[in-house]
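So the chains spell out like this:
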Amino acid sequence: MDPSNIREKIGRFRILIIGRANAGKTTILQRVCNTRDNAQIYNSAGEKIDLEVITASRSHELHDIHNEMVFQSNPGFVFHDPRGFEAGSESEFDKVKAFIADHSKETKITKRLHAIWYCIPMDEASRSFTAAENKFFSQCDTGSIPVIVLFTKFDALYDVAYSQLKKEGRSRKEAKELAQKRAEETFANGTQLKFLQNVRWPPRGHVCLPNMNKDDANPGPLIECTAGVLDDEVLERLFVSTQQTNLEICMIHAIER
């Protein structure tokens with residue numbers, strides 16, 4: 001099926017993005033949509049929410065998981081962000097779980113949830129999993145909806161590796177050159193991935209995202225990982241054709257098909 005026909009049939013690619021506050025979620029979405037502008041937010045009725053007139057008493061309207069976030073630079077993506085989920089409260093978890101269940105059973109493919117991005121920042125002091133994250137991966141069955149874990153702010157581990165290399169007697173130059181490789185090797189054998197391998201509902205994949213706040217940040221690994229875990233060929237082609245940051249993956253998929 002031609003990508004234009006797929007977009008006409010399905011519409012937009014729908015992603016639920018979950019994560020702690022300050023996990024870099026907005027920055028990642030901006031990179032994927034190739035913009036620095038903020039998203040426009042629409043309620044479940046399709047009405048645009050005017051951020052300038054929202055009062056403190058109505059701030060809950062911005063945090064509704066059913067709201068749709070759309071970037072003008074790429075309206076082919078629609079995002080849902082359950083803010084406050086990281087607090088680990090039972091009510092917020094139940095809302096997320098119900099949202100996933102409802103959208104996985106949706107008969108209309110245009111209304112289905114197509115992927116879940118779970119952001120875990122690596123700049124946290126402990127870098128351990130929170131109660132909310134433990135609960136999600138142990139209790140939340142997402143069915144056919146693939147979950148990809150995004151280890152955001154991964155460059156924070158470069159600083160840790162640099163310090164370790166310096167303690168081992170390396171020069172500043174050597175430590176700087178070797179820090180990235182050391183961080184990646186340490187992470188590959190670390191507790192985070194071991195935890196995800198042993199949970200009840202493991203993610204389909206994971207990706208490490210360093211320096212996403214920089215102008216030349218590359219969301220390519222996230223695009224490739226997401227495309228790679230989509231079992232439905234139509235959804236895969238929709239996703240690949242919708243993203244506009246990685247032309248190489250578009251060419252690869254065009255050749256493969």
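Here the structure is shown first, and the text comes after it.
Residues numbered from 1 in each chain as written. Predicted model: local features only at pLDDT ≥ 70, side-chain atom pairs only at ≥ 80, totals over all residues. Heavy atoms only, no water.

## Side note on helix H4 (residues 131-139)
Okay, so step 1: Looking at H4, one finds that the buried residues are Ala132, Glu133, Lys135, Phe136 and Phe137.
Okay, so step 2: Contacts from the buried residues of H4 go to strand S1 (13-19), helix H3 (90-104), strand S5 (115-121), strand S6 (147-152) and helix H7 (191-197). (Buried < 20%, exposed > 50% of the residue type's maximum accessible area, 1.4 Å probe, protein only. Helix = DSSP H or I, 4+ residues; strand = E, 2+ residues; numbered from the N terminus. Contact = heavy atoms within 4.5 Å.)

## Examining the packing of H3 against H4
Angle between the axes and distance between the axes are the two parameters that describe a pair of packed helices.
Okay, so step 1: At a closest axis distance of 11 Å, the pairing of H3 and H4 adopts a crossing angle of 35°. Two packed elements cross with a definite hand, and for H3 against H4 that hand is right-handed. When H3 is examined against H4, the residues Glu90, Phe93, Lys97 and Ile100 are found in contact with a partner set consisting of Lys135, Phe136 and Gln139.
Okay, so step 2: Within the contact of H3 with H4, the residues separate by chemical class into three nonpolar, one polar and three charged. (Axes fitted to C-alpha atoms, helices over the stretch in contact; angles between N-to-C directions. Left-handed = near helix turned anticlockwise from the far one by under 90°. Nonpolar A, V, L, I, M, F, W, Y, C, P; charged D, E, K, R; others polar.)

## Some details on the packing of aromatic side chains
Okay, so step 1: In the structure shown here, the tally under the stated rule is 13 aromatic pairs.
Okay, so step 2: Ring geometry for Phe136 versus Phe137: centroids 5.1 Å apart, planes at 85°, classification edge-to-face.
Okay, so step 3: With relative accessibility at 0%, the residue Phe137 sits in the buried group.
Okay, so step 4: Members of the aromatic cluster, joined through ring pairs, are Phe13, Phe71, Phe77, Phe79, Trp117 and Phe239.
Okay, so step 5: Between the NZ or CZ atom of Lys135 and the centre of the ring of Phe93, over which it lies, the distance is 5.3 Å. (Phe/Tyr/Trp six-rings, centres within 6.5 Å; stacked < 30°, edge-to-face > 60°. Lys NZ or Arg CZ within 6 Å of the ring centre and 35° of its normal.)

## Digging into the environment of Pro221
Okay, so step 1: Among the secondary structure elements, Pro221 is positioned in helix H8 (residues 220-229).
Okay, so step 2: In this structure the C-alpha to C-alpha distance between Pro221 and Val207, which are 14 residues apart in sequence, comes to 6.7 Å.

## Here's the deal with the pattern of salt bridges
Okay, so step 1: The full count for this structure, using the stated rule, is nine salt bridges.
Okay, so step 2: For Arg14, the salt bridge goes to Glu68, with nearest N and O atoms at 2.9 Å. Of the two residues, Arg14 is situated in strand S1 and Glu68 in strand S3 (residues 68-70); the sequence distance between them amounts to 54 residues.
Okay, so step 3: For Glu68, a relative accessible area of 15% corresponds to the buried category. (Salt bridge = Lys/Arg side-chain N within 4 Å of Asp/Glu carboxyl O.)

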